[in-house]
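# Commentary on secondary and tertiary structure
The chain contents come next:
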Amino acid sequence: MATAQAQALQTTYIYKGKTRKGKPIQGETKGTSIAMVRAQLLQQGIAATQVRKKPKPLFGGSKPIKPADIATFTRQMATMMKAGVPLVQSFEIVADGADKQSLKDVIFDVRDTVASGTSFATALKRHPKYFDELFCNLVEAGEHAGSLESMLDRIATYKEKTEALKTKIRKALTYPAVVILVAIVVTGILLVKVVPVFATTFEGFGADLPAFTQLVLRISEVAQKYWLAVLAAVIAIGFGFQQGRKRSERFAYLVDKYALKLPIVGNILYEAIVARFARTLSTTFAAGVPLVESLSSVAGAAGNAIYRNAILKVRDDVTAGVQLNTAMRGTQRFPVLVLQMTAIGEESGSLDEMLAKTADHYEASVDNAVDNLTTLLEPMIMAVLGILVGCLMVAMYLPIFQLGNVI
C-alpha cells in the first residue's frame, strides 16, 4: 500500500550531470523529491549538477501511445541489444529518438526501474496499459533463458505483423464506412438546405406535383424538424453500442457472432482471427512458454469473444491430456488447413514453424481480400452516390419539366 502511494506521488524530473568517467549526461526520471532523485542518480553512478521538475505543456498534452509505437520501441530495443549495447543504455538511446513525450516518460520509467535492480519484465508490468500480459510473459521467458535480445526480436516481429493485420482490417472497414457517412451528410444537406428552396418555388405553380416530388418534399420536412434529434440518437446509439460491448459479455458475444456472418467482411474477420491465433501461439510456443499457458495468452489476444471461448475450451482439453489438433477440431471453429498444419507440427516436433507458416498464409489471404474488397466497392459506392443524388435532382426538376410541357 505504501509503495503504491509513493508511486502515485512521483513527479517527473529533468536532470543534468556527469557519469563516473566524466561524460556529460542528461535525461528524465521520476521521484518524490529532488533529494530523492539526486540519491537515485548517485546510485546509478551519475553526479547530478542540475535537477528540476519537468514543466507541463501550456496547451494540451502529449500524444497518446499507440500499439504501433510499442512495436517500434520493441524493434529498436532488439536492434540495440543485438548490437551489444547494454540494456540501460539502450533505453536512453531509444528514448532520445522517440517522438512522443508520453513514450519517453514510459521508457525512462522502465529504465530507472531496471537500473535499480528490477527485472525488465517486472518494470514493464508497471505499465499494463501499454505492455499486456503476453508481452511481459515473453520478456520474462527471454530473461530466464538468457536470450533477451532474440526474444525481443521475436516479439517485435509478432507486434509488427499483428499491427499490420489490424491495419488491413481497419482499411477494409473504414473506407466504406467513410463513404457511407459522406453520402448521408450530403443527402442531409440537400434535404435540409436545397430542397426547401425548391419547395418555395413549387408553391406558386398552382398545379399538382408529381408523386415522387411530393415524397421527397415530405422527407425534407421531416429532416428539417427532426435532424437534431436524429443526430443525437445516432450519437447515443454509437456510444451505447461501444459501452455495451465493453460492459456486457453477452452483448459482445452477440456482436462478434453476427460480425462473422456479414457478407464478405465476415470472411475477412474470420481469416484475420485465425491468422492472429496462429501467429500468437507460434510466438509463445517458440519462446518456450508451456502450451497451456500459451493458449491462455492466445485467448486473451483473440480479439473475438467466440474464438476466445473456443481457445479456452481447447486449453481445458489440452490440460486434460487431449492433443492440440484434436481439441481444436472439437470446437468446430478452425479451418481444415489449420488443423492439418497443427497435426503435422505436433507429429514432427515443429509446431511453432507450422503455425508461423499458417499465419503467413492467412495474413496474405486477408491482404488480398482487403485489396479486392476495396477495388469492388469503389465503383459500387460511386454508383450508389450517383443514384442517390440523381434521384433528388430529378425529383426537384421534374415539376419544372412538366410545367414546360404544359406551356
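Computed from a prediction, not measured in an experiment: that's the story for all the values here. (Residues numbered from 1 in each chain as written. Predicted model: local features only at pLDDT ≥ 70, side-chain atom pairs only at ≥ 80, totals over all residues. Heavy atoms only, no water.)

### Concerning the overall build of the protein chain
Tallying secondary structure elements over the protein chain gives 16 helices and three strands in all. For 407 residues, the compact-globule estimate of 2.2 N^0.38 gives 22 Å, and the protein chain exceeds it by more than 25% at 29 Å. Seen through its principal axes, the protein chain has C-alpha atoms that stretch 100 × 60 × 40 Å. For the protein chain, the share of sequence-separated contacts (at least 6 apart) that also reach a separation of at least 24 residues comes to 59%. Of the roughly 22900 Å² of accessible surface on the protein chain, 61% is carried by carbon and sulfur atoms. Distance from the positive charge centre (45 side chains) to the negative charge centre (34 side chains) of the protein chain: 7 Å. (Helix = DSSP H or I, 4+ residues; strand = E, 2+ residues; numbered from the N terminus. Rg over C-alpha atoms; globule rule 2.2 N^0.38 Å. Contact = heavy atoms within 4.5 Å. Areas by Shrake-Rupley, 256 points an atom, 1.4 Å probe, with all protein chains shown as cover. Lys, Arg positive; Asp, Glu negative; His and termini not counted. Charge placed at Lys NZ, Arg CZ, Asp CG, Glu CD.)

### Let's talk about the packing of helix 9 (residues 211–247) against helix 10 (residues 249–259)
Interhelical geometry of helix 9 versus helix 10 gives an angle of 110 degrees and a closest axis separation of 5 Å. Our classification of the angle between helix 9 and helix 10 gives roughly perpendicular. Once helix 9 is placed against helix 10, the crossing between them reads as left-handed. Contact residues: Phe-241, Gly-244, Arg-245 and Arg-247 in helix 9; Glu-249, Phe-251, Ala-252, Val-255 and Asp-256 in helix 10. Residue composition of the contact of helix 9 with helix 10, by class: four nonpolar, one polar and four charged. (Axes fitted to C-alpha atoms, helices over the stretch in contact; angles between N-to-C directions. Parallel < 35°, antiparallel > 145°, perpendicular 65-115°, else oblique. Left-handed = near helix turned anticlockwise from the far one by under 90°. Nonpolar A, V, L, I, M, F, W, Y, C, P; charged D, E, K, R; others polar.)

### Overview of the environment of Asp-360
Mapped onto the elements of the fold, Asp-360 is located in helix 16 (residues 351–406). With 81 residues separating them in the primary sequence, Asp-360 and Arg-279 have C-alpha atoms 8.2 Å apart. Not counting residues up to four positions away in its chain, the partners in contact with Asp-360 are Lys-161 and Arg-279. Separated by 2.5 Å, the side chains of Asp-360 and Arg-279 make a polar contact. (Polar contact = N/O pair within 3.5 Å; in protein donor to acceptor, adjacent residues only side chain to side chain.)

### A few points about the pattern of salt bridges
Counting across every chain of the model gives 14 salt bridges. As a salt-bridge pair, Asp-256 and Arg-245 come within 2.3 Å of each other at their nearest N and O atoms. Taken together, the residues span a long stretch of sequence, with Asp-256 in helix 10 and Arg-245 in helix 9 at a distance of eleven residues. Overall, the relative accessible area of 7% leaves Asp-256 in the buried class. (Salt bridge = Lys/Arg side-chain N within 4 Å of Asp/Glu carboxyl O. Buried < 20%, exposed > 50% of the residue type's maximum accessible area, 1.4 Å probe, protein only.)

### Describing a nonpolar patch on the surface
On the surface, Val-178, Val-182, Val-186, Leu-388 and Val-389 cluster together to form a nonpolar patch covering roughly 330 Å² of accessible area. For the nonpolar patch, the elements supplying multiple residues, two or more each, are helix 8 (148–202) and helix 16. By residue number, the principal contributor to the nonpolar patch is helix 8, which donates three residues. (Patch = residues over 30% accessible without salt bridge, like charges linked within 9 Å, V, L, I, M, F, W, Y side chains within 5 Å.)

### A few points about the confidence of the model for the protein chain
Do not read the predicted coordinates in detail wherever pLDDT is low. Per-residue confidence for the protein chain averages 84 on the pLDDT scale, and 93% of its residues sit at or above 70. Within the protein chain, no element has a lower average pLDDT than helix 1 (residues 2–8), which sits at 40, and none a higher one than helix 14 (residues 324–331), at 93. Low pLDDT (under 50) marks residues 1–9, which in the prediction has four contacts with non-local residues, meaning those over four places away or in another chain. (pLDDT = per-residue confidence, 0-100.)

### Describing the sheet that holds strand 1 (residues 11–19)
Overall, antiparallel pairing links the three strands, which are arranged 2-1-3 in an open sheet. The open sheet has two free edges, formed respectively by strand 2 (24–31) and strand 3 (46–53), since each of these has just one partner strand. Each neighbouring strand pair of the sheet contributes to a mean axis angle of 30 degrees, computed without reference to strand direction. Relative to strand 2, strand 1 runs antiparallel, the two being bridged by eight bridges. Pairing of Tyr-15 across the sheet is with Gly-27, part of strand 2. (Pairing = 2+ DSSP bridges.)

### Concerning the environment of Ile-400
Position of Ile-400 relative to the elements: it lies in helix 16. Taking the C-alpha atoms as reference, Ile-400 lies 73 Å from Gly-345; in sequence the two are 55 residues apart.

### Topic: the pairing of strand 1
Linking strand 1 to strand 2, which pair antiparallel, is a turn of four residues; within it Gly-22 sits at a positive phi near 85 degrees. Pairing geometry for strand 1 and strand 3, over seven bridges, is antiparallel. Within strand 3, the residue paired with Tyr-15 across the bridge is Val-51.

### A short note on the packing of aromatic side chains
Taken as a whole and assessed by the stated rule, the structure comprises seven aromatic pairs. Both rings, one in Phe-277 and one in Phe-334, keep their centres 4.8 Å apart while their planes meet at 45 degrees; by these two values the pair is tilted. Of the two residues, Phe-277 sits in helix 11 (residues 265–286) while Phe-334 sits in the loop between helix 14 and helix 15 (336–348), which places them 57 residues apart along the sequence. Just as Phe-277 is buried, Phe-334 falls in that class too. (Phe/Tyr/Trp six-rings, centres within 6.5 Å; stacked < 30°, edge-to-face > 60°.)

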